[in-house]
Amino acid sequence: DLASRVEANCAVEILTPGSGEEALDILRHSTSHALAQAVKELWPETKIAQGPTIEDGFYYDFDREEPFTEADLQTI
């Protein structure tokens, strides 16, 4: 969470895709939330369902009137 301030002593660990399977799952989970936040900022009326991590990445289900276009994907 880049918006939160660290107010006390703590341990920080930098995770990369090469940090192991658990780290990769954490990165995928965080990336899925970043995607959902970007979509909500661009199209606030969009409803968000779920976005689990899966073996090869993650996905998110969005409910909106119009499907996303290639241009929308570039914007996101």
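For clarity, every value in this text was computed on a predicted model and none was experimentally measured.

**Points about the overall build of the chain**
The number of helices and strands found in the chain is two helices and four strands. Of the regular secondary structure in the chain, the N- to C-terminal order runs α-β-β-β-β-α. The C-alpha radius of gyration of the chain comes to 15 Å, more than 25% above the 11 Å expected for a compact globule of 76 residues. Along the first, second and third principal axes, the C-alpha atoms of the chain reach 45 × 30 × 20 Å. Every one of the 76 residues in the chain was classed for burial, and the buried ones make up 17%. Taking as baseline every contact in the chain between residues at least 6 positions apart, the subset at least 24 positions apart corresponds to 42%. Carbon and sulfur atoms make up 51% of the accessible area of the chain, which totals about 6300 Å².

**Some remarks on the confidence of the model for the chain**
Averaged over the chain, the pLDDT score is 89; the fraction of residues at 70 or greater is 97%. Of all helices and strands in the chain, the one with the weakest mean pLDDT is strand S2 (residues 53-54) (86), whereas helix H2 (residues 70-75) scores best (96).

**Brief notes about a nonpolar patch on the surface**
A cluster of nonpolar residues, Leu42, Leu73 and Ile76, forms a patch on the protein surface that exposes about 240 Å² of accessible area. For Leu42, the location among the structural elements is in helix H1 (residues 21-42).

**Notes on H1**
Because an α-helix completes one turn every 3.6 residues, residues spaced three or four positions apart along the sequence face the same direction. Between the first and last C-alpha of H1 there are 32 Å, a value that for 22 residues agrees with the 32 Å anticipated at 1.5 Å per step. Those residues of H1 that sit buried are Ala23, Leu24, Arg28, Ser32, Ala36 and Val39. On the buried face of H1, the contacting elements are strand S1 (47-48), S2, strand S3 (57-58) and strand S4 (62-63).

Thresholds, definitions, all that
Residues numbered from 1 in each chain as written. Predicted model: local features only at pLDDT ≥ 70, side-chain atom pairs only at ≥ 80, totals over all residues. Heavy atoms only, no water. Helix = DSSP H or I, 4+ residues; strand = E, 2+ residues; numbered from the N terminus. Rg over C-alpha atoms; globule rule 2.2 N^0.38 Å. Buried < 20%, exposed > 50% of the residue type's maximum accessible area, 1.4 Å probe, protein only. Contact = heavy atoms within 4.5 Å. Areas by Shrake-Rupley, 256 points an atom, 1.4 Å probe, with all protein chains shown as cover. pLDDT = per-residue confidence, 0-100. Patch = residues over 30% accessible without salt bridge, like charges linked within 9 Å, V, L, I, M, F, W, Y side chains within 5 Å. Salt bridge = Lys/Arg side-chain N within 4 Å of Asp/Glu carboxyl O. Expected span 1.5 Å × (residues − 1).

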